[in-house]
Amino acid sequence: MNQAYLSYNGYGTEVKLGRQELTYREAPFHRFIGNVLWRQNHQSFDAVSLSNSSIKDLKLSYAYINKVNTIFGNDLTAGLIDDGVIDMDSHLFNVQYSGWSVGKLEAYSYLLDYEDAADNNANSTATYGLRLSGAKPVNENLSAVYTAEYATQDEYADGKMDPQDYYLLELGGKYEGWLAKLSYEVQEGDGTYSFKTPLGTNHAFQGWADVFLTTPNQGLKDTYFTVVGNVAGAKLIAVYHDFETDKDSLDAGNEFDVMLQKTFMQHYTLGISYADYNADKEFGGADTDKFWLYGQLNF
């Protein structure tokens with residue numbers, strides 16, 4: 001059962017109690033908290049969540065998480081995670097303000113306390129961050145888009161790590177239905193500990209080949225260029241990544257990703273995706289190619 005919850009809506013407030021999907025940004029930007037929507041079996045949480053939008057342009061959100069229902073079933077986890085479920089005692093705080101002409105402001109604090117010993121030391125962390133994202137019209141056909149984000153992460157509860165930081169800078173433009181942007185993302189690492197996002201939709205970041213679903217202990221710098229547009233009625237996404245470790249600046253390879261997806265007669269979607277990761281001997285790892293063909297029916 002992916003979702004089953006009781007909900008209340010009133011006076012600008014929504015409360016949910018039970019198994020639910022939690023996200024604080026539009027897909028695919030679920031960097032820290034996500035439902036891994038790309039997978040057929042989504043990630044959900046046994047939680048109580050509250051959000052309030054009674055003040056104009058301001059949204060306040062809080063969630064207490066008791067369990068994470070991961071994308072993995074019992075057959076895939078080989079007994080390491082019981083039925084794909086992880087016990088936790090975690091608190092999520094998120095504040096978003098959209099009334100500033102420059103862009104949307106977001107502040108967050110994610111306090112993750114993993115109860116299982118195998119996950120506790122590595123993933124019990126406190127993350128505090130601030131994000132600004134926006135778009136400004138240059139003329140009637142062209143708009144500039146930009147994002148700046150910073151977060152810091154340290155040990156929490158019984159977790160073990162030294163403080164590590166996260167940075168994201170993006171600049172691009174939208175022109176007649178096309179988007180092109182250059183991004184620079186850093187997850188710091190010192191060789192022993194690194195900045196991690198264990199509850200994020202990590203497939204959407206740092207390459208679709210999933211080589212870096214978990215941040216290496218040396219950390220990771222990702223410089224990437226993204227193009228999104230429409231070709232013959234089909235959505236096109238193409239991304240080129242250049243990877244480098246944060247510690248020692250080792251060449252960690254590069255990757256090219258491309259996706260083409262088309263919707264027919266409103267209800268039927270067909271798509272293909274391809275990821276080509278080229279490793280570098282300086283960092284190690286192996287060349288990886290992945291290909292997907294998928295269909296979707298929306299009622």
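Summarised in this report is the structure supplied together with it. Computed from a prediction, not measured in an experiment: that's the story for all the values here.

## A word on the environment of Phe 195
Checked against the element boundaries, Phe 195 lands in the loop between strand 10 (178-188) and strand 11 (219-231). Phe 195 sits in the buried class, given a relative accessible area of 0%. Sequence separation of Phe 195 and Gly 219 is 24 residues, and the distance between their C-alpha atoms is 7.0 Å. Those residues in contact with Phe 195 that lie beyond four places of it in its chain are Phe 32, Thr 127, Ala 151, Thr 152, Gln 153, Gln 164, Asp 165, Tyr 166, Gln 187, Glu 188 and Thr 215.

## A look at the pattern of salt bridges
Tallying each qualifying case throughout the model produces 10 salt bridges. With a closest N to O distance of 2.7 Å, Asp 46 and Arg 19 form a salt bridge. With Asp 46 in strand 3 (residues 44-52) and Arg 19 in strand 2 (residues 13-20), this pair connects stretches of sequence that are 27 residues apart. Assessed through its relative accessible area of 16%, Asp 46 is described here as buried. You can call Arg 19 partly exposed: its relative accessible area is 25%.

## Details of the pairing of strand 13 (residues 251-264)
One ladder, built from 9 bridges, connects strand 12 (residues 234-244) with strand 13; its direction is antiparallel. What sits directly across from Asp 242, in strand 13, is Asn 254. Linking strand 12 back to strand 13 in an antiparallel pair, the connection comprises 6 residues, with Asp 248 at a positive phi of about 70°. By the bridge criterion, 11 bridges tie strand 13 to strand 14 (residues 268-278) in an arrangement that is antiparallel. Of the residues in strand 14, the one forming a bridge with Glu 255 is Tyr 277. Counting the residues that bridge the hairpin from strand 13 to strand 14 gives 3 residues, and of these Met 265 lies at a positive phi of roughly 50°.

## A short note on the pairing of strand 1 (residues 4-10)
Note: strand 1 against strand 2, 7 bridges, orientation antiparallel. Along strand 2, the bridge assignment pairs Tyr 5 with Gly 18.

## Considering the side chain of Thr 70
Residue placement: Thr 70 occurs in the loop between strand 4 (58-69) and helix 1 (74-77). Look at Thr 70 and you get buried, because its relative accessible area is 10%. At 3.2 Å, the side chain of Thr 70 and the backbone nitrogen of Phe 72 are in polar contact. A distance of 2.7 Å separates a polar side-chain atom of Thr 70 from the backbone oxygen of Gly 84. Residue contacts for Thr 70: discarding those within four places in its chain leaves Asn 41, His 42, Gly 84 and Ile 86.

Rules used in this analysis
- Residues numbered from 1 in each chain as written.
- Predicted model: local features only at pLDDT ≥ 70, side-chain atom pairs only at ≥ 80, totals over all residues.
- Heavy atoms only, no water.
- Helix = DSSP H or I, 4+ residues; strand = E, 2+ residues; numbered from the N terminus.
- Buried < 20%, exposed > 50% of the residue type's maximum accessible area, 1.4 Å probe, protein only.
- Contact = heavy atoms within 4.5 Å.
- Salt bridge = Lys/Arg side-chain N within 4 Å of Asp/Glu carboxyl O.
- Pairing = 2+ DSSP bridges.
- Polar contact = N/O pair within 3.5 Å; in protein donor to acceptor, adjacent residues only side chain to side chain.

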